[in-house]
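Chain by chain, the residues run as shown.
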Amino acid sequence: MHTFVPTSDVQRIYTIKKSQEEVIQLAVEAVEYIKDHGLKCMFSAMDATRTDPAYLIEVFKAVQEAGCDIINVPDTVGVMVPSAMYRQIKDIANEITIPIDVHCHNDFGLAVANSLMAVEAGASQVQVTINGIGERAGNADLSQTVMSLTSIYGIKTNIRTEYLVETSKMVENYTGIRLPPNTPVVGQNAFSHESGIHSQGVLEKSDTFEPGIMTPEMVGHRRRIVLGKHTGKHAVKQSLESAGVKTNDKQLDEIVLRIKEIANKGKQITDADLYAVASAVLGKASSEEELIKLKEVSVMTGNILTPTAVVKADIEGKEIIAAKTGVGPVDAALHAVKDILGESNHFKLQEFRIDAITGGADALADVYIGLENEKGRIVTARSANPDIVMASVEALVNAMNLLYKKKKKKKLKGKLKGKKKLRKG
């Protein structure tokens, strides 16, 4: 049974309007009542860190004599600094023989640090909350306190640390209070690495840019290589290979380039984004086999403008520009792309699908296109881009190049077959 009474002057005078003597009497009576009913008792001197130190020890001695089992020292408004917390708990421990417990608030972001100093000074129990939830700025966070005690101090707790991340996420879902990604221990970025030298070092030996004494597995987390504008080839290759995706050097270079371009626009790259970009690159014709090399795309649209697109492309060394209108910017852009081939355009759009990779307004558009030529041959292609128009245009160009590539191969095969016949005759 946990009982408490305000002991600081400001709380005592303005909250319960009692004298120091009356407060001690109330505390002793509450403890005696609890013990008379056969229960274990914890007593808190509320606002202990703003209470006169000599008076605070007097209160604690009185409740200890009354049979209290544990005393609690709360930093009720979070005003302590670690060095002061250490001194106060040390002074109390020199006067009191029963276990000391602390309860720290996080008004200045010092709840975990104050809790650790209390343990150093002699406290044997620490009150914490999952995700640091609590009044105002909250209380000492469970995961940060436990992992500091476990990994830095080498103190054994009764917490099964491998469930810290899972528990944190569960509380997030139930409360609707989301943690920032940079939250220590359990945050999304706690074991994430982006920049080239960081990710390369971690992939070689995790201790290079992680504490070492605390691993992601210890807390139920996983190490993530985050892709962004600082990402190098090593990290991208590692991420793709972990998903079973193999690339050659040219393909890898293009994937890295696209990832950097997307990240430079402020988009946070997810694994799903990476796989979409990789699929688009792996599914296109090589630069040597491309009939159409896209140079420029511009679109005009609005509520009083007819959507119009202009596309500039290089077709076998010749620059061609086409302009078309459509029912929307994507439709106009696709018409313009088809028009750049002029009379050679015998392609028919069989399938067109757009998916948003991840959520949010900055989601990557993943466009999938099925294209059929005049002989019924169908190819599929895709592209991923933050700009839905560009993703659509790139996917269509990729599909057209693949059809051209297949047509070219068929012609070559026919020529070789003819030569064999002639040779045989």
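Heads up: the structure comes first, above all this text.
What you are looking at is a predicted structure, and each value in this text was computed from that prediction instead of being measured.

Some details on the nonpolar core
Here comes step 1: Counting residues in hydrophobic clusters, the biggest one holds 41 residues, and the most contacted among them are F43, F60, C68, I71, V73, I89 and I92.
Here comes step 2: Here the element with the most residues in this core is helix α3 (residues 53-65); it accounts for seven residues.
Here comes step 3: Excluding residues within four positions of it along the chain, V73 makes contact with A48, F60, Q88, I89, I92, I100, D101, V102 and H103.
Here comes step 4: Grouped together as the second largest cluster of nonpolar side chains are 34 residues, I315, I340, L341 and L371 included.

Comments concerning the pairing of strand β10 (residues 318-325)
It is a general feature of regular strands that their side chains alternate between the two faces of the sheet.
Here comes step 1: Bridging between strand β9 (residues 305-315) and β10 involves eight bridges; their strand directions are antiparallel. The residue bridging A309 from the neighbouring strand is K324, located in β10.
Here comes step 2: Counting the residues that bridge the hairpin from β9 to β10 gives two residues, and of these E316 lies at a positive phi of roughly 50 degrees.

Points about the environment of A121
Here comes step 1: Along the chain, the position of A121 falls in helix α5 (residues 111-121).
Here comes step 2: Of the residues examined, A121 reaches a relative accessible area of 4% and is grouped as buried.
Here comes step 3: Note: C-alpha distance between A121 and Q88 (33 residues apart in sequence) is 8.4 Å.
Here comes step 4: Every residue in contact with A121, bar those within four places of it in the chain, is listed here: Y86, I89, K90 and A93.

Some words on the pattern of salt bridges
Here comes step 1: Scanning the entire structure with this criterion turns up eleven salt bridges.
Here comes step 2: Between E95 and K61 there is a salt bridge; the shortest N-O distance is 3.1 Å. You can see E95 sitting in helix α4 (residues 82-95) and its partner K61 sitting in helix α3, a full 34 residues away along the chain.
Here comes step 3: A salt bridge links E351 to R353; its shortest N-O distance comes to 3.0 Å.
Here comes step 4: Using a relative accessible area of 36% as the deciding quantity, one classes R353 as partly exposed.
Here comes step 5: Each of E351, R353 and D355 takes part in a single network of salt bridges with overlapping partners.

Calculation rules
Residues numbered from 1 in each chain as written. Predicted model: local features only at pLDDT ≥ 70, side-chain atom pairs only at ≥ 80, totals over all residues. Heavy atoms only, no water. Core = buried A, V, L, I, M, F, W, Y, C linked by side-chain atoms within 4.5 Å. Buried < 20%, exposed > 50% of the residue type's maximum accessible area, 1.4 Å probe, protein only. Helix = DSSP H or I, 4+ residues; strand = E, 2+ residues; numbered from the N terminus. Contact = heavy atoms within 4.5 Å. Pairing = 2+ DSSP bridges. Salt bridge = Lys/Arg side-chain N within 4 Å of Asp/Glu carboxyl O.

Take it as geometry only, folks, not as evidence of what the structure does.
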